[in-house]
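# Summary of the model geometry
One-letter residues, chain by chain:
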Amino acid sequence: MKNTYFRSKKPIPWSRENTEYSPISYSGQRIILNRANTDPNNQSITSREQAMLTNDGKDWYIEDLSDQHSTMIRVSKKTKLQTGDIIALGNRLFEFRD
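The notes below deal with the structure included here. (Residues numbered from 1 in each chain as written. Predicted model: local features only at pLDDT ≥ 70, side-chain atom pairs only at ≥ 80, totals over all residues. Heavy atoms only, no water.)

## A short note on the overall build of the protein
Secondary structure assignment for the protein yields one helix and seven strands. Start at the N end of the protein and walk to the C end: the helices and strands fall as β-β-β-α-β-β-β-β. In the protein, of all internal contacts separated by at least 6 residues, the share reaching a separation of at least 24 is 19%. Of the roughly 8,500 Å² of accessible surface on the protein, a fraction of 49% belongs to carbon and sulfur atoms. (Helix = DSSP H or I, 4+ residues; strand = E, 2+ residues; numbered from the N terminus. Contact = heavy atoms within 4.5 Å. Areas by Shrake-Rupley, 256 points an atom, 1.4 Å probe, with all protein chains shown as cover.)

This is the structure in structure tokens:
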């Protein structure tokens, strides 16, 4: 399998935040995301394993590894749901069941 390179987009500043962020780059087929390698000052991100990005040679996948199940993803297109997936609507979480 070829070496896969992943480069994230710039972090999105909060409303009224006057900060310029640089893109965050990672490489490899398996990348563990945590506070140290994403946003060192953000206490809402775990210092251990928050999430894992994996690449199967074609597509990227994300998996929540946090104890509090606090990794969320904003989708911009139709996305397949699986039983057990959690959907955040506003400040409420919903479990999807088919």
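## Describing the sheet that holds strand β3 (residues 30-33)
Strand order across the open sheet formed by three strands is β3-β4-β5, with antiparallel pairing between neighbours. Looking at the sheet topology across the chains shown, the edges are occupied by β3 and β5 (60-64). This sheet shows a mean twist of 20 degrees between the axes of neighbouring strands, independent of strand direction. Relative to strand β4 (residues 51-55), β3 runs antiparallel, the two being bridged by four bridges. Looking across to β4, one finds that I31 is bridged to L53. (Pairing = 2+ DSSP bridges. Axes fitted to C-alpha atoms, helices over the stretch in contact; angles between N-to-C directions.)

## A short note on the pairing of strand β6 (residues 86-89)
Looking at chain direction, β6 and strand β7 (residues 92-95) are connected through four bridges and run antiparallel. Residue pairing across strands places A88 opposite L93, the latter belonging to β7. Connecting the antiparallel pair β6 and β7 is a turn made up of two residues, with G90 showing a positive phi of about 65 degrees.

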